[in-house]
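So the chains spell out like this:
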Amino acid sequence: MAEATSGGPALRILLRQPTKESVPTPVSSHADRDRIIAVFTNVLMKDEPPENFALRTMQEAMKPQKQTVLVQDENQLLENALRSLLQGLVSSAVQSGQRMMQCNPDGGQIPHLLDIVLYLCERGHVEGGVIFQLLEDLTEMSTIKDCKEVFAYIESKQDVLGKQELFGRGKLVMLRTCNQLLRRLSKANDVVFCGRILMFLAHFFPLSERSALNIKGVFNTSNETKYEKEAPDGVPIDFIFYKTLWSLQEHFSNPAQTTLTQPKWQKFAGNLAVVLDTFEAQPLTEDEGKANNLEQEEEAAFSIKYLTSSNLMGLELKDPSFRRHILLQCLILFDYLKAPGKSEKDSPPESMKEEIKSCEERVKRLLEIIPPKGKEFLQSVEHILEREKNWVWWKRDGCLPFEKQPSEKKPIQDGGRKRKPRWRLGNKELAQLWKWADQNPNALTDPERVTMPSINEYWKPLAEDMDPTSGIEAEYHHKNNRVYCWKGLRFSAKQDLESFCRYSELGIGIEGVVPPELLPSDVRAKLHARNTEKNKRAKREETKGPITQPEEPQVATPIEADGGGSAGELEEGEALMDSDTTEPQKQSPTEVESREEAETDIEGNIKVEVV
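Counting restarts for each chain, with residues numbered from 1 along the sequence as it is written. Only residues with pLDDT of 70 or above have their local features reported here, since the model is predicted, and side-chain atom pairs are shown and tallied only from 80 upward, although totals for entire chains, interfaces and linings are computed over all residues. Based on all heavy atoms of the structure, the side-chain values leave hydrogens and waters out of the count.

### Overview of the overall build of the protein
- For helices the rule is a DSSP run of H or I covering at least 4 residues; for strands it is a run of E covering at least 2, with both sets numbered from the N terminus onward. Looking only at helices and strands, the protein has 23 helices and four strands in total.
- With 611 residues in all, the protein has 31% of them scored as buried.
- Pairs at least 24 apart in sequence give 66% of the contacts found in the protein among residues at least 6 apart.
- Accessible area of the protein: about 42600 Å², with a carbon and sulfur share of 53%. Exposure classes here rest on a 1.4 Å probe applied to the protein chains alone. A residue is buried below 20% of its type maximum, exposed above 50%, and partly exposed in between. Note on contacts: a residue pair is in contact if any heavy atoms of the two residues lie within 4.5 Å. Computed with the Shrake-Rupley method and a 1.4 Å probe, the accessible areas treat only the protein chains shown as cover for residues.

This is how it looks when you write it as structure tokens:
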């Protein structure tokens, strides 16, 4: 406050001090979380489908929420409460000794909770990533045995989780969940479960998803095959061959290193030749193939990696699946070395290509003779490798997307399905024509209804196209219209036969049919000169006369006589022919007729073969 000291009345100035804005009293997040947990816990005991009570439960839990879609802060609060509720249900299931995915009052209601949240996410009431976060938490809190049941639930809801409104929100969370689960599993003991996870990812993600692609072609060099480096005592095996065989795995695990230098390739080629020679020298019989056939054992459990103990070397050489395993790795390596799309720098030299080709042929021959069903196995492998080339080209072309967006369907008005119009005569044009005839009966009898143009009127557009001064481009000429040309030829054949004959005489096609009076003077002169030149050429060919063809050498063949003809009669006929050509003389009509009958009999009874 400030006061004036002058003689006038005191002036008092009051300065208004800023007041603090009223801040709403924050609501305790723990209290809200506990209230939401209590509401959802009560509805878990209901034996009803989620669509009957899920939305009502969400509105009751998020009081005083009246809307059907939550905002960001409300979504976060609901997600934290649901994660706490899920953790409590898992703890109660573990303490009671019940399976987590069993839906009963004693062991918790985890599947029912997941169904409720999935329904809310699918309808858009809750943010779509909530269900994926709950599934990730559930797999992290579960044992491997329980994870199989959790993943079975995920597989059953695969179509719903893959919808676009949910997939975009939770694809990265689902990918992280599956990868973490794969790291926990044993590649030797949980092969089937790992395969289920990979199949799910292949179906869940689109083919063009780059997170699932090995764009750079990096090899898994951590997959090492350990084998014995020194020969053990008292083992009656060829230890040099043992080391040679298992040393090939070093090249199979990283094929790019094989072709870096020539010495490495020579080492691999030498070791492979030793192995192939051994396989060829010790072929397997049909009995050995049947004894080791895994297809006969329906529940046969085997590891994806073979044991490398030197004591097992003899048994493994008699196992057809082991030989196929090694030879198939060779084909995959060769297919990588000669893969399409490589630059000249990355492709192997010509000498190496020849060695690859020869080794590949040997490997295929060995695969074909390994029992059982060697030929069928080789055909399947070749088909798979041929299809693999398509994927190689696709990755090197930039992984273009396979998916095509569905065409937008126009909304149907009036809420019903639009019916296609039905016409009296099959289509709109015929029906309209018939309608006009009904309204005007004189239309069909009008002499001007159908008018036929003259020859000059019909060919005038084509004559304008032939004029260079008109400037019409060649692609727009009427000669390119097949219907126009066809009608014109029929028209000229009926009314102007002379023009119709010029179609083939001048050799210029349909333009020769155009009447000369329609053409410009320069175009007409060119056509006339061409016609004159053609006539002169024809006259020169006529004056030259027929061209004598060189006589082909004829080979005399035995003459076969049919019917009653004999060699004597043939000689008489030849004598008659010689007498006709050498000594012409007048003969009586009777002699001529008898001679013609004799020649006819000779020609009918003699066959002459000319080569």
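### Regarding helix α14 (residues 320-337)
- With 18 residues, α14 should reach 26 Å at 1.5 Å per residue; the first-to-last C-alpha distance of 26 Å fits that figure.
- Within α14, 13 of the 18 residues are buried, leaving the element largely enclosed by the surrounding structure. Expected helix span is computed as 1.5 Å times (number of residues minus one).

### Points about a positive patch on the surface
- Patches here: salt-bridge-free residues with over 30% relative accessible area, like charges joined within 9 Å, nonpolar side chains (Val, Leu, Ile, Met, Phe, Trp, Tyr) joined within 5 Å. Each reported salt bridge corresponds to a side-chain nitrogen of Lys or Arg within 4 Å of a carboxyl oxygen of Asp or Glu. Here the positive residues are Lys and Arg and the negative ones are Asp and Glu; neither His nor the chain ends is included. Charge positions come from single atoms, namely NZ of Lys, CZ of Arg, CG of Asp or CD of Glu. Residues Lys534, Lys536, Arg537 and Arg540 make up a contiguous surface patch of positive charge.
- Inspection of the secondary structure puts lysine 536 in helix α21 (residues 521-544).
- Accessibility expressed as a relative area gives 46% for lysine 536, which makes it partly exposed.

### Quick word on the packing of aromatic side chains
- Two aromatic rings from Phe, Tyr or Trp, using only the six-membered ring of Trp, form a pair when their centres are within 6.5 Å; if the ring planes differ by under 30 degrees the pair is stacked, by over 60 it is edge-to-face, and anything between is tilted. Enumeration according to the criterion identifies 18 aromatic pairs in this entry.
- A centroid spacing of 5.9 Å and a plane angle of 70 degrees characterise the contact between tyrosine 458 and phenylalanine 491, whose relative ring orientation is edge-to-face. Placement of the pair is tyrosine 458 in helix α18 (residues 455-466) and phenylalanine 491 in helix α19 (residues 482-495), with a sequence separation of 33 residues. Both residues of the pair, tyrosine 458 and phenylalanine 491, count as buried.
- Grouping aromatic residues by their ring pairs yields a cluster made of Phe151, Phe167, Phe193, Phe200, Phe204 and Phe205.
- One residue, arginine 324, lies across the ring of phenylalanine 377, its end atom 4.5 Å from the ring centre. Two conditions define a charge located above a ring, namely a distance within 6 Å from the ring centre to NZ of Lys or CZ of Arg, and an angle within 35 degrees of the ring normal.

### Considering the packing of α14 against helix α15 (residues 350-369)
- At a minimum axis distance of 10 Å, the contact between α14 and α15 shows a crossing angle of 150 degrees. Taken together, the axes of α14 and α15 lie roughly antiparallel to each other. You can see that α14 and α15 cross each other, and the crossing is left-handed. Facing α14, whose interface residues are Arg324, Leu327, Cys330, Leu331, Phe334 and Leu337, α15 presents Ile356, Cys359, Glu360, Val363, Lys364, Leu366 and Leu367.
- Only Asp, Glu, Lys and Arg are considered charged in this grouping, and only Ala, Val, Leu, Ile, Met, Phe, Trp, Tyr, Cys and Pro are considered nonpolar; every other residue, Gly among them, is considered polar. Looking at the contact of α14 with α15 residue by residue, the classes come out as 10 nonpolar, no polar and three charged. Structural elements are reduced to axes, namely lines fitted to C-alpha atoms, with helices fitted over the stretch in contact, and the angle between N-to-C directions of any two is expressed from 0 to 180 degrees. Comment on the angle field: the value is read as roughly parallel under 35 degrees, roughly antiparallel over 145, roughly perpendicular from 65 to 115, and oblique elsewhere. Crossing handedness: left-handed means the near helix sits turned counterclockwise from the far one by under a right angle, and right-handed means the same turn made clockwise.

### Let's talk about the environment of valine 235
- Summarising the element assignment, valine 235 is placed in the loop between α9 (191-204) and α10 (239-253).
- The exposure class of valine 235 is partly exposed, given its relative accessible area of 22%.
- Taking the C-alpha atoms as reference points, valine 235 and serine 310, separated by 75 residues in sequence, lie 7.8 Å from one another.
- Non-local contacts of valine 235, meaning those with residues more than four positions away in its chain, are made with Ser310 and Asn311.

### Overview of the packing of α14 against helix α16 (residues 374-396)
- Two elements in contact, α14 and α16, have axes separated by 11 Å at closest approach and are oriented at 30 degrees. When the interaxial angle is binned, α14 and α16 end up roughly parallel. Pair α14 / α16 crosses with right-handed handedness. Residues Arg324, Leu328, Leu331, Ile332 and Asp335 of α14 lie in contact with α16, whose contacting residues are Gly374, Phe377, Val381, Leu385 and Lys389.
- For the contact of α14 with α16, the per-class residue count stands at six nonpolar, one polar and three charged.

### What to know about empty space enclosed by the protein
- Both site types are read off a 1 Å grid over the protein atoms alone. A 1.4 Å probe that fits but cannot get out defines a cavity, while an open set with protein on both sides within 12 Å along at least five of seven lines defines a pocket; lining residues have an atom within 4 Å of a point. Grid points are joined across faces, edges and corners, and a volume is the space filled by probe spheres set on the points. Going through the model one piece at a time under the given rule, you end up with one cavity of 30 Å³ or more.
- Quantified by volume, the largest cavity comes out at close to 50 Å³.
- Lining of the largest cavity is provided by Phe279, Pro283, Leu284, Arg323, Leu366, Ile369, Ile370 and Pro371.
- Its residues assigned to classes, the lining of the largest cavity shows seven nonpolar, no polar and one charged.

### Some words on unusual backbone geometry
- A cis amide bond links proline 371 to the next residue, proline 372, at an omega of -10 degrees.
- Along the chain, the position of proline 372 falls in the loop between α15 and α16.
- Look at lysine 373: it is not a glycine, yet its phi comes out positive at around 55 degrees.
- Relative to the helices and strands, lysine 373 is located in the loop between α15 and α16.
- By relative accessible area, lysine 373 is classed as exposed at 58%.

### Remarks on a nonpolar patch on the surface
- On the surface, a cluster of nonpolar side chains totalling about 290 Å² of accessible area is made up of Leu207, Trp391 and Phe402.
- Checked against the element boundaries, tryptophan 391 lands in helix α16.
- The class for tryptophan 391 is partly exposed, based on a relative accessible area of 33%.

### Digging into the confidence of the model for the protein
- Per-residue confidence from the predictor is reported as pLDDT, a score between 0 and 100. Considering every residue of the protein, the mean pLDDT works out to 77; 74% of them sit at 70 or more.
- No element of the protein has a lower mean pLDDT than strand β4 (residues 606-607), at 39, and none a higher one than helix α5 (residues 129-140), at 95.
- Predicted confidence for residues 1-9 stays below pLDDT 50, and this span has nine contacts to residues more than four positions away or in other chains.
- Ignoring residues within four places in sequence, the model shows residues 13-28, a span with pLDDT below 50, making four contacts including any to other chains.

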